[in-house]
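# Fold and geometry: a report
Here's the letter readout for the chains.
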Amino acid sequence: MTAPKGRAADWTEERQERGTSDLRDEGRRQGKREWGGGWGPGGAREQSSAHPLAGTGTLAKLALRRDRIFLVIWVYALVGSLASTTYSYHHLFTAAGERASLAHSILANPSFLALSGPVYGDSLGALIVWKAGLFIAVGAGLLGIFAVIRHTRADEEAGRLELVGATVVGRFAALAAALAVTIGACLVVGLLLAVVQIAFRLPAAGSLALGAATALAGCMFAGVAAVTAQLTESARTARGMAISVLGLAYLLRAVGDPAPALSWLSWVSPLGWIERVQPYDGPRWWLLLVCAAVTVALAAAAAVLAGRRDLGAGLVPARPGRPDAAGWLRSPLTLAWRLQRGGLAGWMLAFALSAAVLGAAAKGIGATLNSSPQARTDILRAGGHTGLVDAYLAIEFALLSVMAAAFGVATVLRLHADEAEGRAEAMLAGPVSRIRWAAAEVVWAMGGIALLMALAGVCSGLGYGARTGAIGPEVARQLAAALAQVPAAWVLAGLAVALVGLAPRVTVAAAWTVLAVVALVDLLGRSLGLSQWVLDLTPFAHVPALPGGTFTATPLIWLTVVAAGLAVAGLAAFRRRDLT
Amino acid sequence: MSAVIEVTGLRKAFGRTQALDGLELHVAPGEVHGFLGPNGAGKTTTIRVLLGLIRADGGTARLLGADPWHEAVSLHRRLAYVPGDVTLWPNLSGGEVIDLLAKLRGGVDEKRKAVLLEKFELDPTKKSRAYSKGNRQKVALIAALSAGSELLILDEPTAGLDPLMEAAFRECVEEERRDGRTVLLSSHILSEVEALCDRVTIIRAGRTVDSGALADLRHLSRTSVRAELARPPAGLDQLPGLHDLDIEGTRVSCQADNSALDELLKRLTDAGVRSLVSQPPTLEELFLRHYTDATS
C-alpha cells in the first residue's frame, strides 16, 4: 500500500522548496494580520503565533497545492463510479417488476449480501445504494486514510514537517490542516454525489443522505488515520494500521449482513452504520450524527496524543536494533525476508482471521434464506456452483485473491521504491546481479500470494468444517478452491514486474490502476451487466468455479505461463535499462 | 601495470541533457585520485557508469581491465562504493546494514569493523531511520572501508561529516593508500583533495578540462607575489605574464605566470626588496581559474 505514496513523493519533493518559501512569506505576514482560514484562532486579540493552531491555514493551502492532482483523481473516481452505476441502472431497470425481482434475488443470495450489504427496498435508489454505496464508502475511507497520513506522518518521517515546524506554525497545525483538507475533500465528494443523484431525478432527501453518509465514512477513517499517525514513526505502518481498521470494519459487516443471528456484528462496524443509513428508504439521520461524533472524538484523541509526543517520534518508542546482522542476513533474498517478515505476518493474520470468520459464517447460510426455488436456481446457474454455500465461498475466495494480488503488487513495487530512493544502488554496487536482486522480491511476492491463499483455504475450511463437523474434507476442498486462484493473482504480480522493468516512470500508477480495474470487473462486472469478453479480460475469470464446480488444469497452467512470461520480460528489461 | 580506471571519450545523454560529453579519466593503481567538478558537471554520472548502474552512449570505460556493464558482479566483488547521498533501509539498524553489505562481498572483518566503529563513533544499534545524514554517511563509509577492496569509489563521502570525522576519514584513506589500494575520490572540498590526492582530474559540463599530478597542475598556474620595495618599481607593466598587477607607490601585488617569475624577481630586486610574500597557487585558485576562464 506504499505504492501511491512513492509516486506522490516524487512530485512533492520537487515542490517542497517552493511550498516552504511560500510558507515563510506567510509567516512573516502573519504578525500583521489575522488568519483567513476557518482554523485560525477565534479571537482577534490573540497573537496568532502563540496559538497551537497557528499556521494551519497556510499549511492547508500548501496541502491543497500539493494534492491538486491526487484529490481531483480521487473525487473523480468516487463520483464517477456512482454516476456510472446510476446511469446504467437507470436504463437497465425501468420496470418495477424487474427491480423487485432483483431485490428479491439479492436478499436470497448470501454472497451478494456479504460483498455489498443488504438492500433496503426495491426502488431505483435503494438498488443503486446496494450496488455502489458500500464500495464508495470504502473508497472514501481509503481517501481519508491516504490523505491524512500523507500530510502527517509521511511528511514527518521525510523530515518535511521539521522544516515547516521551524517556521511560525503551532503544535497542532499540521494535524489540523491535514484533517481540514481531508474532511473538506470528503464533503466535496458527498456534495457531488448528492448532486449527481438529484440530477438523475432521485429523491433529494435520500440523495443528500447518501452523500452525507459517504462523506462521513471518509471523515471517520480520516480520524482513524489521524490517530494511527501518532502511534508509530513509520508512515507505512501507520497507513497499514488504519487500513486494517477499515478491513476489519468491512469484514465485520460481511459476516453480519448475511446472517441474521450475527447482525449485531454489522452494528459494531462503522461501515455497517453507513449501510444502515438506508438513504432512499426513510433515512436514519441520527446515524449520521453518530458518525460525525465518532469523527470528532477520533480527531480529539489524535490531538491529545500529538500533544504528548515529540516531533518525529511515535507514542510507541522505537527500540534499539541489533548491533550486528543475524548470520542468515547475507543475500537479497534474506534481506527481503528481514524487511518484509513483519508486514507478511500482518497480512497472514488478516487472511487467517477473515477466512476463518467468513468460513464459519458460511454455515447456515442456506437455512436462513427464504428464497424461492426460482431465485435459487438463478443464482446457482449464474455462478456455476452446486450450492448456495459454494457460491458464497467462491465469492469469499475471489475477494481474498484480489487482496493477495494486492500483496503481490505491493511487494513487487518495493523494487521501484528501492530504486527511486537510492537503496537499490547500495545493493547493486555490491557483487549482486540485477536479476538476483530483483528476483528476491519477485520470489517473496509470488510465494507470499500462494502462502496467503493456502492459509485462507485452510482457515476457511476449519471455520466451516468446525461448524458442520467435517473438518478434514472441508479443509481439503476449500484449500483446493483457494489455491486455484493463485495463478490468477500471480498474473497481476507478474504484470507489476513487467512494469518495473519496462515502464519505470509509470510503474506505480499503472500497477495499482490495473489491480483496481481488475478487482471492479471481477467482483462487480457480472452484476453490472458487462459483456463476456470484458469479463474474460481479467485473469480471475479463467479460474475454474471452485468449490463445487469441475476442476480443469488447463487454464491454471496458462495463467501460470502468462505470469511467468510477464515476470521474465520485466526482469530481462530491468537488466538492460539504466537505473533511474 | 595497467590502469585501474580507464575512461576515454565517454558520452551519456539523459533526454536532451548531455551529461557526459567525451569525458576522460585515467586512474593508475595505488593512487588516490581526486575527481573535481562543480555541481552537475557529471561526476556522479561517471561513477554510475563505472559501477554499471547506467550504460554509456559512447566512448569506452574499463574498470580493473574489464567492462563495468557486463562484468558488474565480478567487478563489484573487488571494489567498495560510498554514494554521496546515502539512503538505507529505515527499519534496519546501522550494524545490520554494515554486516549485510560486507557479507554480500564475502564476509565481515569483525576486527576492522570494531576499529572503524570506534574511530567514527557510530552507535550500530540505532535504526537507520533515526540516523542523521552524517551518521548514515558513516554507515556507508564503515561498510566500504572494512571491505578491504582493491578499489574504493567515494562520491563526496564527507558531505555530512563534522571536522573530527573528516580527520578520521583522511586517516583511513591514508591507510588505504599505504596498503596499496586505489581510491577515486569525488569531492568539492578542495583542502581534502589537496591533502589526500596524488593526481586530480577536473571536469566541467561532462568534459575533462584538466588532469594530472597536483604538482604538475600547479606548475601550469600562477604564483601570487606581494612585495614592499625601497623605490617604486620600473617597467613592470610591460612585463608579459603578469596578471592583476597593482602598484601603490612602493607596494606591489600581482599574479605571475611561472615563466615570468624570474624576470619579475629581477625587477623587484632592482627596486630594493624590503619584504616579499610569494604563495604557490592553492587548488582552490586552480579550480576557480578553470571555471571562471571557461565560463567567461
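So, how was this worked out
- Residues numbered from 1 in each chain as written.
- Chains lettered and ligands numbered in written order.
- Predicted model: local features only at pLDDT ≥ 70, side-chain atom pairs only at ≥ 80, totals over all residues.
- Helix = DSSP H or I, 4+ residues; strand = E, 2+ residues; numbered from the N terminus.
- Buried ≥ 20, exposed ≤ 12 C-beta atoms within 10 Å, placed from the backbone.
- Contact = placed C-beta atoms within 7 Å.
- Domains from an automatic or database assignment.
- Nonpolar A, V, L, I, M, F, W, Y, C, P; charged D, E, K, R; others polar.
- Pairing = 2+ DSSP bridges.
- Axes fitted to C-alpha atoms, helices over the stretch in contact; angles between N-to-C directions.

## Focus: the overall build of chain B
Helix and strand content of chain B: ten helices and 13 strands. Its C-alpha atoms give chain B principal-axis dimensions of about 70 × 45 × 35 Å. When burial is assessed residue by residue, chain B has 42% of its 296 residues classed as buried. Counting only contacts in chain B whose residues sit at least 6 apart along the sequence, the fraction spanning at least 24 positions is 69%.

## A closer look at the domain arrangement of chain A
Frequently, the measure chosen for interface size is the accessible area removed from exposure when the parts meet. What the domain assignment lists for chain A is domain 1 (54–309) and domain 2 (330–365 + 372–580). The distance between the C-alpha centroids of domain 1 of chain A and domain 2 of chain A comes to 26 Å.

## A look at the domain arrangement of chain B
Partitioning chain B into structural domains gives domain 1 (5–217) and domain 2 (222–280). Placing a centre on the C-alpha atoms of domain 1 of chain B and another on those of domain 2 of chain B gives a separation of 43 Å.

## A closer look at the interface of chain A and chain B
Across the contact, 26 residues belong to chain A and 31 residues belong to chain B. Within the residue set of the side of chain A that touches chain B, elements represented by two or more residues are helix 15 (332–362) and helix 18 (423–428) of chain A. Per-class residue counts for the side of chain A that touches chain B are 13 nonpolar, five polar and eight charged.

## What about the sheet that holds strand 11 (residues 242–248) of chain B?
Residue and element names in this part refer to chain B. The antiparallel open sheet is built from four strands, whose spatial order is 11-12-10-13. Edge positions in the sheet fall to strand 11 and strand 13 (273–279), since each of these pairs with one other strand and no more. Put simply, the sheet's adjacent strands are angled 15 degrees from each other on average, direction ignored. Here six bridges tie strand 10 (residues 222–229) to strand 13, and the two strands are oriented antiparallel to one another. Bridged to Val 225 within strand 13 is Ser 278.

## Here we look at helix 2 (residues 56–66) of chain A
Within helix 2 of chain A, eight of the eleven residues are buried, which leaves it mostly tucked inside the rest of the structure. Considered for burial, the residues of helix 2 of chain A that qualify are Thr 56, Gly 57, Thr 58, Leu 59, Ala 60, Leu 62, Ala 63 and Arg 66 of chain A.

## Here's the deal with unusual backbone geometry
With an omega of -5 degrees, the peptide bond running from Leu 546 of chain A to Pro 547 of chain A counts as cis. By secondary structure assignment, the location of Pro 547 of chain A is in the loop between helix 23 (532–535) and helix 24 (554–576). Even without a glycine there, the phi angle at Gln 278 of chain A is positive, about 35 degrees. Mapped onto the fold, Gln 278 of chain A is located in the loop between helix 13 (270–276) and helix 14 (285–307). With phi around 45 degrees, Ala 205 of chain B is a residue other than glycine that occupies positive phi space. Following the sequence through the fold, Ala 205 of chain B ends up in the loop between strand 8 (199–204) and strand 9 (207–213).

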